[in-house]
Amino acid sequence: MTQFWTKKSEEEIKKIVFNALDKNINYDKEGVIGVPASYLDDKVFNQDATFLKDAPFMYALVKNPNHIGCHTLGNSESFFEGTHAIEKDLIEICAVDILKGIPHEQDGYVASGGTEANIQAIWIYRNYYMQQMNASRDEIAIVCSKDSHYSMDKAANLLSINIHKYDVNEHTREITAASVEQTLTSAKNKGIKYFIVVANMMTTMYGSVDNIETIIDSLKKLKCEYKIHVDGAYGGFYYPFTIKNNLLTFQNPEITSFTLDAHKMAQSPYGTGIFLIRKGFMKYVNTQEASYVEGQDFTLVGSRSGANAIAVWMILAKNGPYGWQEKIFILQKRAEWICKELEQLNIKYYRNPMSNIVTIGSSYLNPELVKKYGLVPDNHVSPKWYKIVIMEHVTVDKLALFINDIKETV
Ligand SMILES: *Cc1c(COP(=O)(O)O)cnc(C)c1O
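What counts, and at which threshold
Residues numbered from 1 in each chain as written. Predicted model: local features only at pLDDT ≥ 70, side-chain atom pairs only at ≥ 80, totals over all residues. Heavy atoms only, no water. UniProt positions renumbered as here; feature names shortened; annotations may be inferred. Helix = DSSP H or I, 4+ residues; strand = E, 2+ residues; numbered from the N terminus. Expected span 1.5 Å × (residues − 1). Bend = angle between axes of the 7 residues up to and from the residue. Buried < 20%, exposed > 50% of the residue type's maximum accessible area, 1.4 Å probe, protein only. Lys, Arg positive; Asp, Glu negative; His and termini not counted. Salt bridge = Lys/Arg side-chain N within 4 Å of Asp/Glu carboxyl O. Pairing = 2+ DSSP bridges. Patch = residues over 30% accessible without salt bridge, like charges linked within 9 Å, V, L, I, M, F, W, Y side chains within 5 Å. Areas by Shrake-Rupley, 256 points an atom, 1.4 Å probe, with all protein chains shown as cover. Contact = heavy atoms within 4.5 Å. Axes fitted to C-alpha atoms, helices over the stretch in contact; angles between N-to-C directions. Near = heavy atom within 4 Å. Polar contact = N/O pair within 3.5 Å; in protein donor to acceptor, adjacent residues only side chain to side chain. Nonpolar A, V, L, I, M, F, W, Y, C, P; charged D, E, K, R; others polar.

By the naming in an unreviewed UniProt entry, the protein chain goes by L-tyrosine decarboxylase and is assigned to Nonlabens tegetincola. Of the comments in the UniProt record for the protein chain, the one headed Sequence similarities (unreviewed entry) reads "Belongs to the group II decarboxylase family." Of the protein chain, the UniProt comment under Cofactor (unreviewed entry) reads exactly: "pyridoxal 5'-phosphate".

Topic: unusual backbone geometry
The phi dihedral of Arg173 is positive, around 55°, even though this residue is not glycine. Relative to the assigned elements, Arg173 resides in the loop between β3 (162–166) and α6 (177–189).

Section: helix α9 (residues 306–344)
Relative to the 57 Å expected for 39 residues at 1.5 Å per residue, α9 spans just 49 Å between its end C-alpha atoms, considerably shorter than the ideal helical length. At Gly320, α9 shows its maximal kink, close to 85°; a proline, Pro321, follows between one and four residues later.

Re the side chain of Glu77
Among the structural elements, Glu77 can be located in the loop between α2 (56–63) and α3 (81–98). Although Glu77 is buried, it makes no salt bridge; Arg304 carries the closest opposite charge, 12 Å away.

Let's talk about the pairing of strand β11 (residues 385–389)
Along any regular strand, the residues point their side chains to alternate faces of the sheet. Of all five residues in β11, four are buried; the element is thus mostly enclosed. In terms of strand pairing, strand β10 (residues 376–377) meets β11 through two bridges, oriented antiparallel. Pairing of Val376 across the sheet is with Lys387, part of β11.

Considering a nonpolar patch on the surface
Together, Phe51, Met58 and Leu61 make up a nonpolar patch on the protein surface, roughly 280 Å² of accessible area in all. Along the chain, Met58 falls in helix α2. Overall, Met58 belongs to the partly exposed group, its relative accessible area being 40%.

As for the sheet that holds β11
Reading across from one edge, β8-β9-β11-β10 is the order of the four strands in this open sheet, with antiparallel pairing throughout. Only two strands of the sheet have a single neighbouring strand rather than two, namely β8 (349–350) and β10. Contacts from α9 reach β8, β9 (357–361) and β11 within the one sheet, and its direction differs from that of β9 by about 20°.

Details of the site of the ligand
Lining the immediate surroundings of the ligand are 14 residues, of which Thr115, Asp231, Asp261, His263 and Lys264 lie closest. Within the side chain of His263, a nitrogen or oxygen atom sits 2.6 Å from an oxygen atom of the ligand. Computed on the free molecule, the ligand has an accessible area of 380 Å², of which 87% lies beneath the protein chains in the complex. The set of elements that each furnish at least two residues to the shell around the ligand consists of α4 (114–132) and α8 (262–265). Ranked by residue count, the leading element in the shell around the ligand is α4, at three residues. Across the shell around the ligand, the residue classes tally to three nonpolar, eight polar and three charged.

The following block contains the structure:
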């Protein structure tokens, strides 16, 4: 049973969103003159268009609430407290109902994307080690798999810390205890004492999921100091709905934080990465110099659109938890369908059975087919794999056309 996530009718959603916007600052009707913010330019964006009355997201866009800061920490900009409440509810839905956390025991915010959420996590742990353990930057490293998203490399570069990656098996895309231990040992030999571990909950290219127990066993065996972040930018709105005994949740005490991206599998507007972390950690990135912001700023991004948080909340509320389960169930069925077809054609592919990404060896595909179906390579210079991503619009009808074409070329 979900505690925060309930299915709501369009009418209920409208009422909640319009009421929330009403509680925000109203630049028109109130005498507020001190805020460097306003509604969208009404010479371009009509504020009174009748359609806005039935379009809560569009209305939120026009009203343009700023969700600067992290609202689960308590104090935030009171000008926008109406819609902050919707974002707080969204954070509870994700942290508690999707990732099995205890209510109100996590902090979080809607980030610009998975990239920012991953950097936010790594930034927090870097500062934690520096402030709590007196670590120097060259003693801290990110460790993750070769299939991890490139935002880890961005984070290492921006935060001036090391990054070490373990190998994955070419065919199964799995990490092994040997590869993890080898990477940890080699990092230790280079003077690394503090590890920021990023585990994948579905990689971008393969949909592969790291075995968290392998990682933890190796870290313990080698007596490493570590914090674990889970990158669920791709898988966060998918994998928890397909796997039975999910070890990648807040119930796992080894994991401290998560990234989810609503603009990947949840079909929300761009700008909807979701960062979630256990309480007690946001303080390591408090920018106290943000003194003009009520509640200060504990996020990487600064000003951000409140309409984004509202969009994700509306999507989850409209589908409801069972609707979501059904949506994912259909995508799984389609993925199973194409895998069976590929098997009959003896075409080599990779798929994590809990995921909706099917990756095909490049030798089975000619350039025309790749172009016609918009298949995405692992590498644009010398592709080894191309992926199919079973999204809402990737129906069996479309997959069948592809299978027919590939039959003629194999
Ligand atoms: C897409 C993705 C990211 C980055 O997300 P953006 O929203 O593009 O910044 C990070 N990790 C994984 C696994 C992803 O799939």
